[in-house]
Amino acid sequence: MPSPTFSEQIIYQPAKAPEEPGTAYAGFKPSSIMLPKGHQRTSECRALPIDLIWDRDVMLPMRDGVRIAADIFRPANATAPLPALMAWSPYGKTGAGNSSPSEDFGPYLNLSGVISLDIIPHRAGVPKSQLSGYEKWEAPDPAEWCRRGYAVVNVDARGVFDSEGDIRWLGTGEGQDGFDAVEAVAGLPWCSGRVALVGNSWLAMAQWFIAAERPPHLTCIAPLEGATDFYRETLCRGGVPFTPFWDMLRSCLSGRNRVEDPVAMVARYPTWNSYWADKRARLEQITIPAYILASYSTMIHTEGSFRGFTDLASSQKWLTVHATQEWYDLYSQERIEDLALFLGRYLKDEENGWESTPRVRAAILPFNKPALTNVPYSAWPPTETVYQTLYLHAGGLLSAHPDHRPGSSIVYPADIAGTQSGNDPGELEFVYTFTAPRALLGHSKAVLYMSAPDHNDLDVFVQLRKADMHGTILEHLNIPLDALQLASIDNVEQINPLKYLGPTGILRASHRQLDPSLSEAFRPVCAHDKEDKIPPGQVVRLEIALWPAGIAFEPGESLILRIGGHPQVLPEFSTLSGKWTTLNRGSHVVYCGGEYQSHLCLPFLDNQAS
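Small disclaimer: the values here were computed from a predicted structure and weren't measured. (Residues numbered from 1 in each chain as written. Predicted model: local features only at pLDDT ≥ 70, side-chain atom pairs only at ≥ 80, totals over all residues. Heavy atoms only, no water.)

Colleague: Just give me the short version of the UniProt feature "domain: Xaa-Pro dipeptidyl-peptidase C-terminal" (unreviewed entry) in the protein chain, but keep the residues and values in it.
Modeller: UniProt marks residues 340-601 with the feature "domain: Xaa-Pro dipeptidyl-peptidase C-terminal" (unreviewed entry), using the numbering shown here. Counting secondary structure, residues 340-601 comes out at 5% helix and 36% strand; the distance between its end C-alpha atoms is 38 Å. (UniProt positions renumbered as here; feature names shortened; annotations may be inferred. Helix = DSSP H or I, 4+ residues; strand = E, 2+ residues; numbered from the N terminus.)

Colleague: For helix 5 (residues 243-252), give the residues involved together with the corresponding values.
Modeller: For helix 5, the buried fraction is high: seven of the ten residues fall into the buried class. Considered for burial, the residues of helix 5 that qualify are Pro244, Phe245, Trp246, Met248, Leu249, Arg250 and Cys252. (Buried < 20%, exposed > 50% of the residue type's maximum accessible area, 1.4 Å probe, protein only.)

Colleague: Can you tell me about the nonpolar core, naming the residues and giving the values?
Modeller: The nonpolar side chains of a soluble globular protein tend to be buried with one another. Judged by nonpolar contacts, the single largest core of 179 residues is most densely connected at Met86, Trp246, Leu343, Val460 and Ile563. Here this core takes nine residues from helix 3 (residues 202-212), the largest share from any one element. The contact partners of Val460, leaving out residues within four places of it in the chain, are Tyr412, Leu448, Met450, Gly505, Ile506, Leu507, Leu542, Ile544, Ile563 and Gly564. (Core = buried A, V, L, I, M, F, W, Y, C linked by side-chain atoms within 4.5 Å. Contact = heavy atoms within 4.5 Å.)

Colleague: Can you lay out empty space enclosed by the protein for me, pointing to particular residues and giving the numbers?
Modeller: Picture a little ball the size of a water molecule; that probe, rolled over the atoms, points out where space is still empty. Scanning all chains against the criterion turns up seven cavities of 30 Å³ or more. A volume near 260 Å³ is recorded for the second largest cavity. Lining the second largest cavity we find 29 residues, and of these Arg237, Met299, Thr504, Trp547 and Val569 sit closest to its centre. Listing elements by their share of the lining of the second largest cavity, those giving two or more residues are helix 4 (230-235), strand 19 (459-467), strand 21 (499-500), strand 22 (504-508) and strand 23 (540-553). Looking at the lining of the second largest cavity residue by residue, the class counts come to 16 nonpolar, ten polar and three charged. (1 Å grid on protein atoms, 1.4 Å probe; cavity = no way out; pocket = protein on both sides within 12 Å on 5 of 7 lines; lining within 4 Å. Points joined across faces, edges and corners; volume = space filled by probe spheres on them. Nonpolar A, V, L, I, M, F, W, Y, C, P; charged D, E, K, R; others polar.)

Colleague: Explain the confidence of the model for the protein chain to me, and be specific about the residues and the numbers.
Modeller: For the protein chain, per-residue confidence averages 93 on the pLDDT scale, and residues scoring 70 or more make up 96% of the total. Throughout residues 96-113 the model reports pLDDT below 50, and contacts reaching past four residues in sequence, or to other chains, amount to 59 contacts. (pLDDT = per-residue confidence, 0-100.)

Colleague: Quick rundown of the pairing of strand 4 (residues 67-75)? Include the residues and the values.
Modeller: Most of strand 4 sits inside the fold, with eight of its nine residues counted as buried. By the bridge criterion, eight bridges tie strand 3 (residues 52-61) to strand 4 in an arrangement that is antiparallel. Directly across from Pro61, in strand 4, lies its bridge partner Arg67. The antiparallel hairpin formed by strand 3 and strand 4 contains five residues in its connecting segment, where Gly65 sits at a positive phi of about 95 degrees. Sheet topology places strand 4 next to strand 6 (residues 151-156); four bridges connect them, and they run antiparallel. By the bridge assignment, Phe73 is partnered in strand 6 with Val152. (Pairing = 2+ DSSP bridges.)

Right under this line is the structure:
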């Protein structure tokens, strides 16, 4: 099948040359290197537990004649063919890295020339001594997995460093490249013919597209937190362009040619078209076993990870929702041992009891107590939940009973710029206090009746927060304090990798039309195929999906709905705070009574009245 063509003209930017300062480029050096047991890449890194062979800059052929580069690690003393764990991304493979962004993005992004844990405060709780330094960013560590009898294949996607061509941004084209790479690796002399895809973030997102192409030798996948619809879930969630992070990321990518520019594309093509449709993974095409990981804390991957599980056609799929942060979790011993059972079953035919693992294992976060983890369920959303409606009252309350006063409403200043600090001004709050223990688990939605007296559109941001019995707003710490080597949560920086505030929803009112073929009662999905502006002052009904969450409440604790005109999620890096802009002007009105009953639909694990 040829690569896709679009009626839309794809916009490219020059990629940063590999030799430019800050790339940590180590040169193109095809070779086979022996790394002896006990070898350390640096004095701070983990020593290799076995002898490894590092096949460097192996060129893999694509169907159009382009060649892409891979580094391959394999145990030197293997006596039988090896299954391969492939990590695919545009971030640079072993011996190279990506250039750090411009100085405009601040100090954390310039600590190192390579995208690695060094750019994250406290290395996200993963010390250098835990890893060999030969791992690709967000990928399995060869020191860990080669000793378990696997080869680790780190691929530079098309256009990255010395891989030929232009850098693609997900989609069918990248899926086809992945197909060709899987098949090329499966045919190498050392390979058993079984290949798995493994990794976080882009490494997970690419898996959806590669697996949908059905390479014959792709045996299983392990997407460890990855969006499935680039437009709806990340770049333009709710129709509101989220450009600072993606512009930063695009500016990081190194290669000898060009890089696709999705930020320029959303500026030129703000509504759904064939280009954006190509970046929605065809999950119904994936039938192989899948180990799917999710968390509530990521601002990018949460919704896609859950959709990946529900929409995947495979009958052999498992979802685990962990309580921490994706990089910390990736290298945790718990994740390694669990993933090893899955990979051993399908890549090595081990009879290890994996199939008895519950299909869904969820985390439930109390915020002020240790999280409940690996709570088993047979499905997602859990069939044990029952939806409850809570109505907004103009006095700032959430109630199980509607506000029957006609015309009841409340106003907030929508054009106040937020700092994404977790406590910005200009937000409405509606509070519901529990009288019995409850647990919210699943997808929530807000149905809001709103108007904008001063403008013909609204960017609306909603969030659920938890307060303790004293009214203190709580935050969930994504990484244990001892791993961060900090004494108190108050010492932890207000950034998304380190703290989680609660599930969020976003909607631009002109994008409010739903896609009936994708929407479910608990999860509205917008079509985004047109902009339907609203006359100033006209009341409009908005269905806003909030991302999945698991939150435990005790008697006296409260659920708080916040509504505002600016983003409420913490930034990925502190220097991105406040860079996410909106189109809001003036004030917005939320209607709470009479015919305009704004309300929340919430999934609780029981239907007990509180």
